[in-house]
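Examining the three-dimensional arrangement
In case you want the letters, here they are:
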Amino acid sequence: MAAPALRPETRRWNRDDWIRGYVSLTEERDEWIDDIEGALPRELRGTLYRNGPGRLERGGQSVQHPFDGDGMICAFDFTGEGRVRFRNRYVRTAGFVAEEKAGRFLQRGVFGTQKPGGWLANAFDLKAKNIANTNVAYSPRKLLALWEGGKPYALDPQTLDTIGEDDLGGALAGDESFAAHPRYDRRTGRMVNFSVQPGLSSTINLYELDADFTVLSRHRREAPGFAFIHDFALTDDYAVFFQNPVTVNPFPYWLGFRGAAECLVFQPNRPTKVWLFPRNGGPMRVYETDACFVFHHVNAHVEGDQLTVDSIAYETFPALEPGTMYRHVEIEKIAASQLFRFVINLTTGETRRERLLERAVEFPSIHPARVGLPRRWAFMAMADAPTGNAPLQGVLAHDAWTGETQSYSFAPKGYVGEPVFVPTPGATEENAGHVLQMVFDSERGASDLAIFDARQVARGPVARLRLPVTVPYGLHGAFVRRDD
Ligand code: CO
């Protein structure tokens, strides 16, 4: 069901304002934030690490898609005494170092001419420049900058100095990659993550790691057909993968006529496959649901023989027009990403899917102690308008018990990224904590970090840290408590 597009005069966003948030931050800063509106919650003690593309052009050339930009880590250190230190550092990947020296894109042919829409292309071209720009994973000795097309890069978590590409103690052999969406077992704290080697038959590797990133187990399974998988959901016994119904026609790509992402073809009449990959290494089971495209999952759990998965899904693949520069993409014509619930009977294979929200949302976040259990609350970035597709401009809290939502919009001048939920230590209420979200304030021409009381997001931020610079729209991050 396509939502009717809002008339332009009712929209509370502006393309020029929004696009101004896509700007390189070439300097690396280290400073105390002086401009703080509201009161910093004292219980926030620790560091918010965020990753995202920091550099979107070189030598006068723009990347074709912002997801192609070099990874830049932002760190916000909360002292707990009302002060916050901000730093941003680029990940010194081999490609970044070489291109800094050259002052231009050295792999421009790959990213620009052959690979417009490289965000998908990267997922199955392991020879692409590792840009380490998607997410972070923390251990006391190493901060990993993750990008699904290659190996992680390790950084010093204190100084943010790049240590180098990291093969996890030899566990990532050859050109094996490591996805950018680790999940954490609430019982053990172990990290679970995966990698995909796509092909006519695709290989899924599943890894479990301890708190020092030592690989404890690794299992490998085959999924027939091409697989583009960005994220997964974790239950106590399974890793759950959605195999989006896309095929790839590689010939134009191999011949260099088109970007790989432009060779992906959504198959609306084919099912989305749901793979259950047993964490103990048993054989995978597969289920089917109606065609949809998923980047991010909210959570999953199994009760009896019933699997429930909440995901952010597009009813059709958000394809890019071949050769279209991202600044010109007409977002309102692309299918919106919406919150869905998938319920699968593991015995009969019967599947149900229900749209939980009409509003366009992305970047879900939940309480870490609810991973693999029924959750009540989920926090996500949202579009301002209740229907249709539009840039993300606010935060939304979804209550799975009542179906109700609370939200706050920064429209018309604010544009947002992922909200990170940070629970209050020791609290029993699932939504006791704070939500941290970057906002590009197009009126001021710089970025803020907004901090919400997670129980009252509709009241707006309790504090807003005003940065002196624009941090280009980022991807994913994590909060690390100082006593963690
Ligand atoms: Co992601």
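This text gives an overview of the structure that appears in the document. Since the model is a prediction, treat every value here as computed from it, not as a measurement. (Residues numbered from 1 in each chain as written. Predicted model: local features only at pLDDT ≥ 70, side-chain atom pairs only at ≥ 80, totals over all residues. Heavy atoms only, no water.)

Take the overall build of the protein next. Assigned secondary structure in the protein consists of 5 helices and 34 strands. Considering the protein as a whole, with its 484 residues, one finds that 59% of them fall into the buried category. Considering only intrachain contacts with a sequence separation of at least 6, the fraction spanning at least 24 residues in the protein is 61%. (Helix = DSSP H or I, 4+ residues; strand = E, 2+ residues; numbered from the N terminus. Buried < 20%, exposed > 50% of the residue type's maximum accessible area, 1.4 Å probe, protein only. Contact = heavy atoms within 4.5 Å.)

Now for the sheet that holds strand β31 (residues 433–441). Pairing in this open sheet of 5 strands is antiparallel, and the strands run β2-β33-β32-β31-β30 from one edge to the other. Each edge of the sheet is formed by a strand with only one pairing partner; in this case those strands are β2 (36–38) and β30 (414–423). Here the strands of the sheet are splayed against their neighbours by 15° on average, with no regard to which way each runs. As judged from the 4 bridges shared by strand β32 (residues 446–453) and strand β33 (residues 463–466), these two strands associate in the antiparallel manner. When the bridges of β33 are listed, L449 appears paired with L465. (Pairing = 2+ DSSP bridges. Axes fitted to C-alpha atoms, helices over the stretch in contact; angles between N-to-C directions.)

Looking now at the coordination of the cobalt ion. Here the cobalt ion is held by H181 (NE2), H230 (NE2), H296 (NE2) and H476 (NE2), and the distances to it run 2.0 to 2.1 Å. Classification of the site at the cobalt ion as irregular follows from its 4 donor atoms and the range of 92 to 158° in their angles at the metal. Taken in chain order, the donor set of the cobalt ion reads H-x48-H-x65-H-x179-H. A residue pair is termed long-range when its members are at least 10 positions apart, and H230 in the loop between β15 (215–224) and β16 (233–234) and H296 in strand β22 (residues 293–303) qualify at 66 residues. Judged by relative accessible area, H296 falls into the buried class, the value being 6%. (Donors = N, O, S within 2.8 Å, 3.2 Å for Na, K, Ca; no water. Tetrahedral: all angles 85-135°; square planar, octahedral: opposite > 155°, others 65-115°.)

So, on to the packing of aromatic side chains. Applying the stated criterion across every chain, the model contains 23 aromatic pairs. Aromatic ring contacts, followed pair by pair, group W13, W18, Y22, F440 and Y473 into a single cluster. Its guanidinium or amino end placed over the ring of W32, R83 lies 4.0 Å from that ring's centre, counting from NZ or CZ. (Phe/Tyr/Trp six-rings, centres within 6.5 Å; stacked < 30°, edge-to-face > 60°. Lys NZ or Arg CZ within 6 Å of the ring centre and 35° of its normal.)

Within the secondary structure, L467 sits in the loop between β33 and β34 (477–481). In this structure L467 comes out as buried when scored by relative accessible area, which is 0%. Considering only alpha carbons, one finds L467 and D34, 433 residues apart in sequence, at a separation of 8.5 Å. Dropping the residues within four chain positions of it, L467 is found in contact with I33, F76, F86, M438, R444, A446, S447 and D448.

Before going further, it helps to examine helix α2 (residues 94–102). When we look at burial in α2, the residues that qualify are G95, F96 and E99. Mapping the buried residues of α2 onto a view down its axis gives an arc of 95°, with all of them on the same face. Exposed residues on α2 whose side chains face more than 90 degrees from its buried face are A94 and K101. Positioned one or two residues after α2, G103 has a phi angle of 75°, which is positive. (Arc of directions from axis to C-beta.)

Take the side chain of Q338 next. For Q338, the position within the fold is in strand β24 (residues 337–345). Residue Q338 is classed as buried on the basis of its relative accessible area of 6%. Among the polar contacts listed, one links the side chain of Q338 to the backbone oxygen of E358, at a separation of 2.8 Å. Among residues more than four places away in sequence, those in contact with Q338 are S311, I312, A313, R355, L357, E358, R359 and V361. (Polar contact = N/O pair within 3.5 Å; in protein donor to acceptor, adjacent residues only side chain to side chain.)

Its place among the elements puts S365 in strand β26 (residues 361–365). In this structure the C-alpha to C-alpha distance between S365 and A381, which are 16 residues apart in sequence, comes to 9.3 Å. Look past the residues within four positions of S365 in its chain and what remains in contact with it is A378, F379, P419, V420 and F421.

With that settled, the discussion passes to the environment of A171. If you trace the backbone, A171 turns up in the loop between β11 (162–165) and β12 (183–184). Under the relative-accessibility criterion, A171 is labelled buried at 17%. The sequence separation of A171 and S217 amounts to 46 residues, and the corresponding C-alpha distance is 9.7 Å. When sequence neighbours within four positions are dropped, the list of residues in contact with A171 reads E176, V215 and R218.

Tallying each qualifying case throughout the model produces 44 salt bridges. A salt bridge links D70 to R58, with the shortest nitrogen-to-oxygen separation between them at 3.5 Å. Linking D70 in strand β6 (residues 70–78) with R58 in strand β4 (residues 57–58), this pair joins segments that are 12 residues apart in sequence. Here the two residues D70 and R58 agree in accessibility, since each one is buried. One salt bridge connects R375 with D310, and the closest N-O pair in it is separated by 2.8 Å. Linking R375 in the loop between β26 and β27 (377–383) with D310 in strand β23 (residues 306–314), this pair joins segments that are 65 residues apart in sequence. A residue is classified by how much of its surface remains accessible, and R375, at 5% relative accessible area, is buried. Overlapping salt bridges, with partners in common, bring together E37, D441, R444, D448, R464 and R466 in one network. (Salt bridge = Lys/Arg side-chain N within 4 Å of Asp/Glu carboxyl O.)

Across the 5 residues of β26, 5 count as buried, placing the element largely inside the fold. Bridge count for β26 against β27 is 3 bridges, and the pairing is antiparallel. By the bridge assignment for β27, S365 is matched with F379.

Right, let's get into the side chain of N51. Tracing the backbone shows N51 in strand β3 (residues 46–55). Judged by its relative accessible area of 2%, N51 falls in the buried class. Within the local environment of N51, its side chain forms a polar contact with the backbone oxygen of N135, the two atoms lying 3.0 Å apart.

For the rest of this paragraph, the subject is the sheet that holds strand β9 (residues 142–146). As summarised here, the arrangement of the 4 strands in space is β8-β9-β10-β11, forming an open sheet in which the pairing is antiparallel. A single partner strand is all that each edge strand has here, and the edge strands are β8 (135–139) and β11. Each adjacent strand pair in this sheet contributes to an overall mean axis angle of 25°, direction not counted.

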